[in-house]
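# Inside the fold
Each chain, letter by letter, is given below.
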Amino acid sequence: MHGAYSRGIAESQVLSGIWRNNKYLLWDVLEHREIQGTQRVSRLVAWWNERVPISGDQLRELTNEPVPNHMKKWWFALGGTPAYLFVVQILTGIMLAIYYQPASTTAYESVRYITEDVTYGWYFRSVHKWAATLMIAAVVLHQMRVYFTGAYRCPRELNWVIGMSLLMVTLGLGFTGYSLVFEQLSYWGATVGGNIMDAVPVVGGPLKQMLLAGDQYNEQTLPRFYILHAAILPVTLILLIGVHIAFIRLHGVTELEGEVEPEDKTKHFNFFPDHILTELALGLTLMILLSALATIFPAMLGPRADPLTTPEEIKPEWFFYATFRWLKLFGPTFAVLSMGFIVFLMFVWPWVDQLLVRITRNKETSTYIGIVAVFLIIGLTVWEAAVAH
Amino acid sequence: MSLEMESNQPTNSQSRADQRDEPDRRKALAAGSSLLMAAGLVGGYGTFFALAGRYLFPSGAGRAWLFVADAGGVQPGQSIDFESPAGVRVTITRKSDSTEASPSAEDFLALSSVCPHLGCRVHWEGHNDRFFCPCHNGVFDPDGKAVSGPPAADGQDLPRYPLQVVDGTLYIEMPYSSV
């Protein structure tokens, strides 16, 4: 294969050389000579190489990022999982947008139409919903993996900040996503979301006005959620993912400490094709999982939004259970400010960690705090899930 | 492509001792698993995109069989004006040569006002006793037969709405909603 490739390049150099010296000579070569099949192929290769001047070596250097051997463990493919699911979300999202109508008068009916009338509409809507759930779960698991292996430490602090931004944008996509269905939860979720913003001192009021297009939910509100969900947040996510991956390429994948490897084994393997095969298998597995979930637990349609009646039992999606419980435990202003502070701490954790290591002289302090935080979040989530109010 | 790489370059995690063992079986296994992988990819994503194609193709919803009248109650030669829920007016005529007590769908005529040439709406010109299409001057006689203009040149008469008689009741198939 490599031989044929370099032959093609040589051929291209010959042909382009002829072209530069005398263009009529090239026409001679192409038209008046008896061209055999193999030459025809190399002519194509030459045509391509002249227009896309990338050599095979350059391409190999671009794709063959050597990755540490611990990446062979499936647990460490969790960063690629949300990226794959995001591609699924883009595809299914574009498809849903083809039938969805973002106006308070038509939104609910168009979702009903997708779910009940369009061929396989229920499938694509359900895949979109389940991929969102899995994407948030994968992002959180990926973040936990990075946290507990200390992969955010120097020099990768900035990529942790990018990762936290990715988490925030993903949660924003989740929130704006279920607001579009215009069922009861969509309406009251958006209303409560706006009022949570309102609880932020000084900037809260204007922010709420910007989100809801007024003091309360009105006919101008839904288009804002739609543009956030289908344009602003996804584009932000794409740009951030680009920076995230660029940082990974610049620093290389973090070497895992404490890995015991036999001396004669190489410590790295090639990203292409070895790791790509892992990702391909993972992608197919996710596709099967998504299809199974979509078929067994399809996305349902609750009652249409009713501004006059708040349902007796109302809860956000599971990924907001912890914050929802937190809101019920404390008054809105304290809950919002404390949550804001926690999120701020998470953003700057690489530096908090440096401080903690200096104070406690123990590299594992962050790990202990992380374990407590994970159990706290799981505890709040389970608590919220277990009770009606 | 992956097939070739699998068989030619053992991944560097495989120890040298492994590589000496049964290279043929290893090659066959590698080729077989690559083939399975390729089949899985093509089958899996192929199905996904096939379903996506079905999803994007309009489902045909929006048309329905609508009640018109008691079929026997319409006299031969008589016309009834029908207006669909979408506001489309259709004249449904019982042919004058149909005299049975219980007429079938073939005894009725419901002309569509959609020009067979390029889809514009024709309208009735009472003073000329004809249907006229303003887009390209198509002309049809009262029975919907193309008389002049592009439709006549191509032999395209006005299309008819599907009709059916079930248990003596006449139904017409039309879109029930409009933009």
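This structure is a prediction, so every number in the text was calculated from the model and none was measured. (Residues numbered from 1 in each chain as written. Chains lettered and ligands numbered in written order. Predicted model: local features only at pLDDT ≥ 70, side-chain atom pairs only at ≥ 80, totals over all residues.)

Time to look at the overall build of chain B. A count of helices and strands for chain B gives four helices and ten strands. Beginning at the N terminus, the succession of helices and strands in chain B can be written as α-α-α-β-β-β-β-β-β-β-β-α-β-β. Residues counted as buried form 16% of the 179 residues belonging to chain B. In chain B, once contacts between residues fewer than 6 apart in sequence are set aside, the share between residues at least 24 apart is 46%. (Helix = DSSP H or I, 4+ residues; strand = E, 2+ residues; numbered from the N terminus. Buried ≥ 20, exposed ≤ 12 C-beta atoms within 10 Å, placed from the backbone. Contact = placed C-beta atoms within 7 Å.)

A count of helical and extended segments in chain A gives 16 helices and two strands. Sequence separation of 24 or more characterises 79% of the internal contacts of chain A that already satisfy a separation of 6 or more.

Further remarks concern the sheet that holds strand β7 (residues 138–140) of chain B. All names here are of chain B. Judged by pairing direction, the sheet is antiparallel, and its four strands sit side by side in the order β5-β6-β7-β8 without closing on themselves. Where the open sheet ends on each side, the last strands, each with one partner, are β5 (123–125) and β8 (146–148). If you compare each strand with its neighbour and ignore which way they point, the axes differ by 40 degrees on average. Across three bridges, the pairing between β5 and strand β6 (residues 130–133) is antiparallel. Bridging from a neighbouring strand, W124 pairs with F131 of β6. (Pairing = 2+ DSSP bridges. Axes fitted to C-alpha atoms, helices over the stretch in contact; angles between N-to-C directions.)

Residues and elements named next belong to chain A. When its domains are assigned, chain A resolves into domain 1 (2–63), domain 2 (69–195 + 202–253 + 268–312) and domain 3 (315–389). Residue-level contacts link 14 residues of domain 2 with twelve residues of domain 3. With seven residues, the single largest contributor to the side of domain 2 that touches domain 3 is helix α8 (residues 157–179). (Domains from an automatic or database assignment.)

With that settled, the discussion passes to the confidence of the model for chain A. Caution applies to low-pLDDT regions: their predicted coordinates should not be interpreted in detail. Residues and elements named next belong to chain A. Looking at chain A, the pLDDT average stands at 85 and 86% of residues meet or exceed 70. Scored below 50 in pLDDT, residues 1–10 shows nine contacts in the model against residues more than four places distant or in partner chains. The low-confidence segment residues 17–24 (pLDDT under 50) makes four contacts with residues lying over four places distant or belonging to another chain. (pLDDT = per-residue confidence, 0-100.)

All names here are of chain B. In this model, chain B carries a mean pLDDT of 83, and residues with pLDDT of at least 70 account for 86%. Taken as a whole, residues 1–10 scores under 50 in pLDDT and shows 15 contacts with residues more than four places along the chain or in a different chain. For this predicted complex, the interface score ipTM comes out at 0.73, while the overall pTM is 0.76.

What follows deals with the packing of helix α12 (residues 271–296) of chain A against helix α3 (residues 23–56) of chain B. For any two helices packed against each other, one specifies the crossing angle of their axes together with the interaxial distance. Between α12 of chain A and α3 of chain B, the shortest axis-to-axis distance is 11 Å and the interhelical angle comes to 40 degrees. One element, α12 of chain A, and the other, α3 of chain B, form an angle in the oblique class. Our pair here, α12 of chain A against α3 of chain B, has a crossing hand that is left-handed. Side by side, α12 of chain A and α3 of chain B meet where L280, L284 and M287 of chain A of the first sit next to M37, G40, L41, G44 and F48 of chain B of the second. Class assignment of the residues belonging to the contact of α12 of chain A with α3 of chain B gives a composition of six nonpolar, two polar and no charged. (Parallel < 35°, antiparallel > 145°, perpendicular 65-115°, else oblique. Left-handed = near helix turned anticlockwise from the far one by under 90°. Nonpolar A, V, L, I, M, F, W, Y, C, P; charged D, E, K, R; others polar.)

The next point concerns the environment of T309 of chain A. Residue and element names in this part refer to chain A. Take T309: it is sitting in the loop between α12 and α13 (321–329). The exposed category is assigned to T309, around which 10 C-beta atoms lie within 10 Å. Between the C-alpha atom of T309 and that of Q184, which follows or precedes it by 125 residues, the distance is 8.9 Å.

As a further point, take the sheet that holds strand β1 (residues 63–70) of chain B. All names here are of chain B. Across the sheet, which stays open at both edges, the three strands sit in the order β1-β10-β9 with antiparallel pairing between neighbours. Of all the strands in the sheet, the pair left with one neighbour each is β1 and β9 (163–166). For this sheet, the mean angle separating the axes of adjacent strands, direction not counted, is 35 degrees. As paired strands, β9 and strand β10 (residues 169–175) are joined by four bridges and run antiparallel to one another. Note on β10: the bridge partner recorded for V166 is T169.

Let's shift gears to the nonpolar core. Judged by nonpolar contacts, the single largest core of 44 residues is most densely connected at L85, V127, A131, M135 and F182 of chain A. Sorting the residues of this core by element identifies α5 (80–99), α6 (107–116), α7 (121–148), α8, α9 (184–198), α11 (221–251) and α12 of chain A as the ones contributing at least two each. If you tally residues by element for this core, the top one is α7 of chain A, at ten residues. Setting aside chain neighbours within four positions, we find A131 of chain A in contact with L85, V88, Q89, T92 and L290 of chain A. Among the nonpolar cores identified, the runner-up in size contains 19 residues, and A71, F108, A110 and L163 of chain B belong to it. (Core = buried A, V, L, I, M, F, W, Y, C linked by C-beta atoms within 7 Å.)

All names here are of chain A. Of note, the amide linkage connecting C154 to P155 takes the cis form, showing an omega dihedral of 5 degrees. Assignment of secondary structure puts P155 in the loop between α7 and α8. One non-glycine residue, R361, lies in positive phi territory at about 55 degrees. When the 8 C-beta atoms within 10 Å are taken as the criterion, R361 is described as exposed.

So, about the packing of α5 of chain A against α11 of chain A. Residues and elements named next belong to chain A. It is at 12 Å that the axes of α5 and α11 come closest, and there the two elements cross at 155 degrees. With respect to each other, α5 and α11 are oriented roughly antiparallel. In the packing of α5 onto α11, the handedness of the crossing is left-handed. Each of A83, F86, I90, G93 and A97 in α5 lies in contact with α11, whose residues at this interface are A230, P234, L237 and I241. For the contact of α5 with α11, the per-class residue count stands at eight nonpolar, one polar and no charged.

Inspection of the secondary structure assignment puts T236 of chain A in helix α11. Residue T236 of chain A is classed as partly exposed on the basis of its C-beta count, with 17 C-beta atoms lying within 10 Å.

Residue and element names in this part refer to chain B. With respect to the secondary-structure elements, L158 resides in the loop between α4 (150–153) and β9. Given 21 C-beta atoms within a 10 Å radius, L158 is considered buried. Along the sequence, L158 and V114 sit 44 residues apart, while their C-alpha atoms lie 7.1 Å from each other. If we ignore the near neighbours within four places in the chain, the residues touching L158 are L111, S112, P116, V122, F131, F140 and G144.

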